[in-house]
Amino acid sequence: MSEAFGPERQRIGNQQREEAITALNDHFAMARLDIGEYQERVNRASAAQSYAELAELFRDLPQPHPPFLAPPSVPFAVPPAAPGYPPQPTQPYYPPPTGPQPQYAVPPPPPGMLPPGYGAPGAPYGYDAMTGVPLSDKSKVVAGLLQLFLGNLGIGRFYTGHTGIAVAQLLTCGGCGIWSLIDGIIILVNGGTDAEGRKLRD
């Protein structure tokens, strides 16, 4: 049989993907994978289509491996039996089950090891993907536009919760309009944070 049609090219079902993800959970719990590697391998296991793709996920990991990745039992030559003893039968190899498999959900990481934005109670709007800073419920577009059009009253800064800056802009008419104009442009271009230090959402 050619390599293109070997067992490693056989298509897999949900059962094999679920067993692979369960084994990855064990390695994550033993700190063999960091949170980034764990998420990346779980995503690859969920999208895998063949045994070869799942086997690649465990190439650099020791046991445990999914049960279906165990080497098949290869028939071996049985030495001739002594006179009077029947020959011992060899154990046959049964291929993994095929056909429809039950649906499953990707299990969450162990408690205390949640990735950014994964059900974090202190950040209901998630985390910024680049910096890991919690996202605010306020929008940088709204804050920037309020500063451009109503900055002489400090409305944009009242919106973000920076009351001190807002009062200063109100008393100085937005720094004669210059301060509020520059402040609004900076918010629109670079974003910023709210009064609690959370990054303004796009």
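Structure first, text after, so check above.
Fair warning: this is a prediction, and the values are worked out from it, not measured in the lab.

Participant: Explain the side chain of Arg-157 to me, please; I cannot follow it from the model alone.
Facilitator: With respect to the secondary-structure elements, Arg-157 resides in helix H5 (residues 155-160). A distance of 2.7 Å separates the side chain of Arg-157 from the side chain of Asp-183, its partner in a polar contact. If we ignore the near neighbours within four places in the chain, the residues touching Arg-157 are Gln-147, His-162, Thr-163, Ile-165, Ala-166, Gln-169, Asp-183 and Ile-187.

Participant: I would appreciate a short explanation of the nonpolar core in the present structure.
Facilitator: For soluble globular proteins, nonpolar side chains are generally found buried alongside one another. By size, the foremost hydrophobic cluster in this structure holds 17 residues, and its most contacted members are Leu-24, Ala-45, Leu-54 and Phe-58. Elements that contribute at least two residues to this core include exactly helix H1 (14-29), helix H2 (35-47) and helix H3 (51-57). Of the residues forming this core, the biggest block, five residues, is contributed by H1. Filtering out sequence-adjacent residues up to four positions away, Ala-45 remains in contact with Arg-17, Ala-20, Ile-21, Leu-24, Leu-54 and Leu-57.

Participant: Sorry if this is basic, but what is going on with a nonpolar patch on the surface here?
Facilitator: Taken together, Val-141, Leu-145, Phe-149, Leu-150, Leu-153, Phe-158, Val-167, Leu-170 and Leu-171 make up a surface patch of nonpolar side chains, about 820 Å² in accessible area. Within the residue set of the nonpolar patch, elements represented by two or more residues are helix H4 (140-150) and helix H6 (163-171). When residues in the nonpolar patch are grouped by element, the largest group, four residues, is from H4. With respect to the secondary-structure elements, Leu-170 resides in helix H6. Assessed through its relative accessible area of 38%, Leu-170 is described here as partly exposed.

Participant: Where do I start with the packing of aromatic side chains in this structure?
Facilitator: We describe a pair of aromatic rings using the distance from one ring centre to the other and the angle between the two ring planes. Tallied over the full model, the rule gives one aromatic pair. Across from the ring centre of Tyr-159, 5.9 Å away, lies the NZ or CZ of Lys-138, which sits over that ring.

Participant: Quick question: what am I supposed to make of the packing of H1 against H2 here?
Facilitator: A pair of packed helices can be characterised by two numbers: the angle between their axes and the separation between those axes. In contact at an axis separation of 9 Å, H1 and H2 are set at 170 degrees when each is read in the N-to-C sense. Relative to H2, the element H1 is oriented roughly antiparallel. Touching Arg-17, Ala-20, Ile-21, Leu-24, Asn-25 and Phe-28 of H1 are Ile-35, Tyr-38, Arg-41, Val-42, Ala-45 and Ser-46, all from H2. Of the residues that constitute the contact of H1 with H2, the class distribution is eight nonpolar, two polar and two charged.

Participant: Would you take a moment to explain the side chain of Asp-183 for this structure?
Facilitator: Within the secondary structure layout, Asp-183 lies in helix H8 (residues 178-190). Non-local contacts of Asp-183, meaning those with residues more than four positions away in its chain, are made with Gln-147, Arg-157 and Gln-169.

Participant: Sorry, what's going on with H4 here?
Facilitator: In an α-helix, one turn spans 3.6 residues, which is why side chains three or four residues apart end up on the same side. Residues of H4 that are buried: Lys-140, Ala-143, Gly-144 and Gln-147. One side of H4 holds all its buried residues, which, seen down the axis, span an arc of 95 degrees. Elements in contact with the buried residues of H4: strand S1 (135-139), H5, H6, H8 and strand S2 (199-201). The distance from a side-chain oxygen at the start of H4 to the backbone nitrogen of Val-141 is 3.2 Å, and the residue carrying that oxygen is Ser-139.

Participant: Would you mind showing me how to read the packing of H6 against H8 here?
Facilitator: It is at 9 Å that the axes of H6 and H8 come closest, and there the two elements cross at 140 degrees. Between H6 and H8, the crossing angle belongs to the class labelled oblique. Residue-level contacts link Ile-165, Ala-168 and Gln-169 of H6 to Trp-179, Ser-180 and Asp-183 of H8. Tallied by class, residues from the contact of H6 with H8 come to three nonpolar, two polar and one charged.

Participant: How should I be thinking about the state of the cysteines in this particular structure?
Facilitator: Working definition: the covalent bond between the sulfur atoms of two cysteines is a disulfide. Summed over the entire model, instances satisfying the criterion amount to zero disulfides. With no disulfide of its own, Cys-173 lies closest to Cys-176 among cysteine sulfurs, the gap being 7.2 Å. Classification of Cys-176 by relative accessible area gives exposed; the value is 72%.

Cut-offs used in this document
- Residues numbered from 1 in each chain as written.
- Predicted model: local features only at pLDDT ≥ 70, side-chain atom pairs only at ≥ 80, totals over all residues.
- Heavy atoms only, no water.
- Helix = DSSP H or I, 4+ residues; strand = E, 2+ residues; numbered from the N terminus.
- Polar contact = N/O pair within 3.5 Å; in protein donor to acceptor, adjacent residues only side chain to side chain.
- Contact = heavy atoms within 4.5 Å.
- Core = buried A, V, L, I, M, F, W, Y, C linked by side-chain atoms within 4.5 Å.
- Buried < 20%, exposed > 50% of the residue type's maximum accessible area, 1.4 Å probe, protein only.
- Patch = residues over 30% accessible without salt bridge, like charges linked within 9 Å, V, L, I, M, F, W, Y side chains within 5 Å.
- Areas by Shrake-Rupley, 256 points an atom, 1.4 Å probe, with all protein chains shown as cover.
- Salt bridge = Lys/Arg side-chain N within 4 Å of Asp/Glu carboxyl O.
- Phe/Tyr/Trp six-rings, centres within 6.5 Å; stacked < 30°, edge-to-face > 60°.
- Lys NZ or Arg CZ within 6 Å of the ring centre and 35° of its normal.
- Axes fitted to C-alpha atoms, helices over the stretch in contact; angles between N-to-C directions.
- Parallel < 35°, antiparallel > 145°, perpendicular 65-115°, else oblique.
- Nonpolar A, V, L, I, M, F, W, Y, C, P; charged D, E, K, R; others polar.
- Arc of directions from axis to C-beta.
- Disulfide = S-S within 2.5 Å.

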